[in-house]
Amino acid sequence: MSTKAQQIDRVFAAIDAATEEMVDFTSEMIRIPTVNPPGDAYEECAHFIGRRLEQCDFAVEYLAAEGSPDHTATHPRVNVIGLRRGATSRPLVHLNGHFDVVPAGAGWTMDPFGGIVKDGRIYGRGTCDMKAGITAAIYAAEAIRRAGIPLVGSVEISGTVDEESGGFAGMAYLAKQGRLSPEKTDAVIITEPTNTDRVYIGHRGVYWFEVTTRGRIAHGCMPFLGVSAIEHMGIILDQLRRELMPALNARTTAMPVKPEGARHATLNINAIAGGQPIDGIQTPCVADICRAIFDRRFLVEEGFDATRAEIVALLERAARETPELVYELRDLMVVHPVRTPDGASVVSALDRAAQQVLGRPLLLAASPGTYDHKHVDRIAGVPNCVAYGPGILDLAHQPDEYCEINDLVQSTKVLALSILELTGSL
Ligand SMILES: [Zn+2]
C-alpha cells in the first residue's frame, strides 16, 4: 500500500520521464497535415492516434461519419475513440481533442508541418490548437498506468475531425451516435489550449441571419419612380446602429468571458450587397434588391427567442414607419450558449489538480467564440464539460504557432490528477 502522496509522486515522475516521448509524438502528429478545409489526411491521423492508444492499453474503434455530406471518398471523416476500462465502467471521464488544423497561411519563418522542436517549444500548425492537447490527454492516462495505479472508473479518449468547421462530422457525430451520453459519460474535458492555468466553462450564443430588402426597379435618372432596396436597407442599418447596438453594449453577461469586450452582447454586419454587382457593367437603375448578413453574439442571460424577437420587432417597425419597405428575414445558423453548471465536478477536480501542480487555482473563463463544448452539452446531454489544456489560445491560427514543452508537461500532470479524482481512483 502506498499513500496518496506517493501515488501522485509516481504519476508526476512517469510524466517527467515521458517528456521526450510526448514531444516526439506531438511532432509526428504535426507532420500529418490534417488541413481543414478540405480535411486532408484525417484517416492517417486517426490511425496514428489510435495506434498510440492501443499501445497504452486502450480498446480502439474508428468511426467514419457515415451519412455526413462532408464524408467523401477523397476526404473521409474518420474519428478515433479509445476506452480503458477500470474496475467499473463508471464514473467515466472522456477526454477529447480535434486533430484538424486550419491552413498554415502566410508569415511562417519555418515549415508549418515540419514538427520542429527548438528552444523548449514544439512549432507547427496545430501544435497548440490542439495536437499538444491530444498528447496531454493520452499521456495523462498513460502515466497513471505506468505508475501502477489501478483505475476505479474508466477513461475514454477521442480524436475528432472538423472542429474548425463546426464539428458536425466530429464531436457532434459522436454525440448523435450516442457515444457520449448521460447513461455512460460522467465528465468531459476538451483539451483545447487554455494557457494551462485557466478552465473554459462555455461560450456565448451565435445567431447568424440574413435580411433582404426588396424595392422596385426604375430608371436611375428618375429614382422617384422606383423604390430603392439599398435606401431601405440603410434605414434598417441606421436603426440597428442607433438603437440596438448601444442596447447590446449595455448588456453584460455574468459569464467570465475573456477578453472583457466580449462580455457584452454584440452585432457585426458581416456582409452587404445591393443593386448591380460593383465589378460588372453598370446601367442606370434603382436597386431592386439588397441583402446583408449579420452575426449576433448573444448572452446566456438573453436567450435565443428574445434575441430573435428583438430583431423581428425592429424590422417590423421599420416596415411600418417606411412606405413600401419590404423585408425578409432568414435564419442562417443558431448556436445556443453553453455554460458549465456551478459546482460541476469537472471544474473542482481540475482546480484542485492545478493547485497541486501549479500552486495556484485555475482562472474561470468563457470563450469569445464557440468550440465543441456545445455538442457535448446540447446533443450528448452531458453538462459536466469544460475545456482545459496546454498552449496559449492567442497563438491559435497564427503563423509560427507553438506550444511550450513545459506547458505540455504541466497540463498533462493537471489532467492526470483530474482523471484520478474523476474516476474515483485516488
Ligand atoms: Zn481548437
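Conventions adopted
- Residues numbered from 1 in each chain as written.
- Predicted model: local features only at pLDDT ≥ 70, side-chain atom pairs only at ≥ 80, totals over all residues.
- Helix = DSSP H or I, 4+ residues; strand = E, 2+ residues; numbered from the N terminus.
- Buried ≥ 20, exposed ≤ 12 C-beta atoms within 10 Å, placed from the backbone.
- Contact = placed C-beta atoms within 7 Å.
- Pairing = 2+ DSSP bridges.
- Axes fitted to C-alpha atoms, helices over the stretch in contact; angles between N-to-C directions.
- Core = buried A, V, L, I, M, F, W, Y, C linked by C-beta atoms within 7 Å.
- Parallel < 35°, antiparallel > 145°, perpendicular 65-115°, else oblique.
- Left-handed = near helix turned anticlockwise from the far one by under 90°.
- Domains from an automatic or database assignment.
- Nonpolar A, V, L, I, M, F, W, Y, C, P; charged D, E, K, R; others polar.
- Expected span 1.5 Å × (residues − 1).

## Side note on the overall build of the chain
No. 1: Looking only at helices and strands, the chain has ten helices and 16 strands in total.
No. 2: Each principal axis of the C-alpha distribution contributes one length, and for the chain these read about 90 × 40 × 40 Å.
No. 3: The burial tally for the chain puts 45% of its 426 residues in the buried class.
No. 4: The long-range share in the chain, meaning contacts at least 24 apart out of those at least 6 apart in sequence, stands at 80%.

## Details of the sheet that holds strand β10 (residues 266-274)
No. 1: Spatially, four strands are ordered β10-β11-β9-β12 in an open sheet, and the strand pairing comes out antiparallel. Strands at the two margins of the open sheet, each flanked by one partner only, are β10 and β12 (326-335). Direction aside, neighbouring strands of the sheet carry axes that sit 15° apart on average.
No. 2: Taken together, the eight bridges between β10 and strand β11 (residues 289-298) define a ladder with antiparallel strand orientation. Opposite I269, over in β11, you have F294 as the bridge partner.
No. 3: Together, β9 (205-214), β10 and β11 form the strand contacts of helix α6 (residues 229-249), whose direction differs from that of β10 by roughly 175°.

## A few points about the environment of L299
No. 1: Within the fold, L299 resides in the loop between β11 and α7 (304-321).
No. 2: Placed 250 residues apart in sequence, L299 and I49 show a C-alpha to C-alpha distance of 37 Å.

## Description of the nonpolar core
No. 1: Formed by 90 residues in total, the largest nonpolar core has its most connected members in I189, L350, V386, A416 and I419.
No. 2: Looking at which element gives the most residues to this core, the answer is helix α4 (residues 127-146), with twelve residues.
No. 3: Not counting chain neighbours up to four residues away, the residues in contact with L350 comprise V199, L362, V386, Y388, V414 and S418.
No. 4: Counting twelve residues, the second-largest nonpolar core is a separate cluster that includes I236, L240, A287 and L325.

## Concerning the sheet that holds strand β5 (residues 121-123)
No. 1: One open sheet holds the three strands; their spatial order is β4-β5-β16, and the pairing between them is antiparallel. In the strand order of this sheet, the two ends are held by β4 (117-118) and β16 (402-404), each with one partner.
No. 2: Relative to β16, β5 is paired through three bridges, and the arrangement is antiparallel. Note that in β16 the partner of R121 across the bridge is E404.

## A short note on the environment of A143
No. 1: Examined against the element boundaries, A143 turns out to sit in helix α4.
No. 2: Distance from A143 to T127, taken between C-alpha atoms, is 21 Å for residues 16 residues apart in sequence.

## Considerations on the pairing of strand β7 (residues 187-190)
No. 1: Residues A187 and I189 point to one face of β7 and V188 and I190 to the other, with burial holding for every one of them.
No. 2: Two elements, strand β3 (residues 92-98) and β7, share four bridges in a ladder whose sense is parallel. Residue V93 lies in a different strand from β7, and its bridge partner there is A187.
No. 3: As paired strands, β7 and strand β15 (residues 385-387) are joined by three bridges and run parallel to one another. Among the inter-strand pairings, I190 is bridged to a residue of β15, identified as A387.

## A closer look at the packing of helix α2 (residues 19-30) against α4
A pair of packed helices can be characterised by two numbers: the angle between their axes and the separation between those axes.
No. 1: Between α2 and α4, the shortest axis-to-axis distance is 10 Å and the interhelical angle comes to 135°. With respect to α4, the element α2 is oriented oblique. By crossing handedness, the relation of α2 to α4 is classed as right-handed. On α4, the residues that touch M22, F25, T26, M29 and I30 of α2 are T127, K131, A132, I134, T135 and Y139.

## Considerations on the domain arrangement of the chain
No. 1: When cut into domains, the chain gives domain 1 (4-203 + 337-422) and domain 2 (208-335).
No. 2: Taken together, the contact pairs nine residues of domain 1 with ten residues of domain 2.
No. 3: With three residues, strand β14 (residues 363-367) is the single largest residue contributor to the side of domain 1 that touches domain 2.
No. 4: Grouping the constituent residues of the side of domain 1 that touches domain 2 by class yields five nonpolar, two polar and two charged.

## Some words on helix α10 (residues 405-422)
Structurally, the α-helix is built with 3.6 residues per turn, so residues lying three or four positions apart point the same way.
No. 1: Over its 18 residues, α10 runs 25 Å from end to end, which matches the ideal 26 Å to within 8%, given 1.5 Å per residue.
No. 2: When you tally the buried positions in α10, you get 16 out of 18 residues, the bulk of the element.
No. 3: G424 sits one or two positions beyond α10 and adopts a positive phi of about 70°.

## Some thoughts on unusual backbone geometry
No. 1: The omega torsion of the bond from N36 to P37 falls at -5°, within 30 degrees of zero and hence cis.
No. 2: Along the chain, P37 turns up in the loop between α2 and α3 (42-55).
No. 3: D129 connects to M130 through a cis peptide bond whose omega is -5°.
No. 4: Positive phi outside glycine occurs at D119, with the angle close to 50°.

## Considering the packing of helix α8 (residues 345-358) against α10
No. 1: Between α8 and α10, whose axes approach to 8 Å, the crossing angle comes to 130°. Here α8 is positioned oblique relative to α10, judged by the angle of their axes. In the packing of α8 onto α10, the handedness of the crossing is right-handed. Between α8, through S345, V346, A349, L350, R352, A353, A354, Q356, V357 and L358, and α10, the contact on the second element is made entirely by Q410, K413, V414, L417, S418, E421 and L422.
No. 2: In the contact of α8 with α10, the residues fall into ten nonpolar, four polar and three charged.

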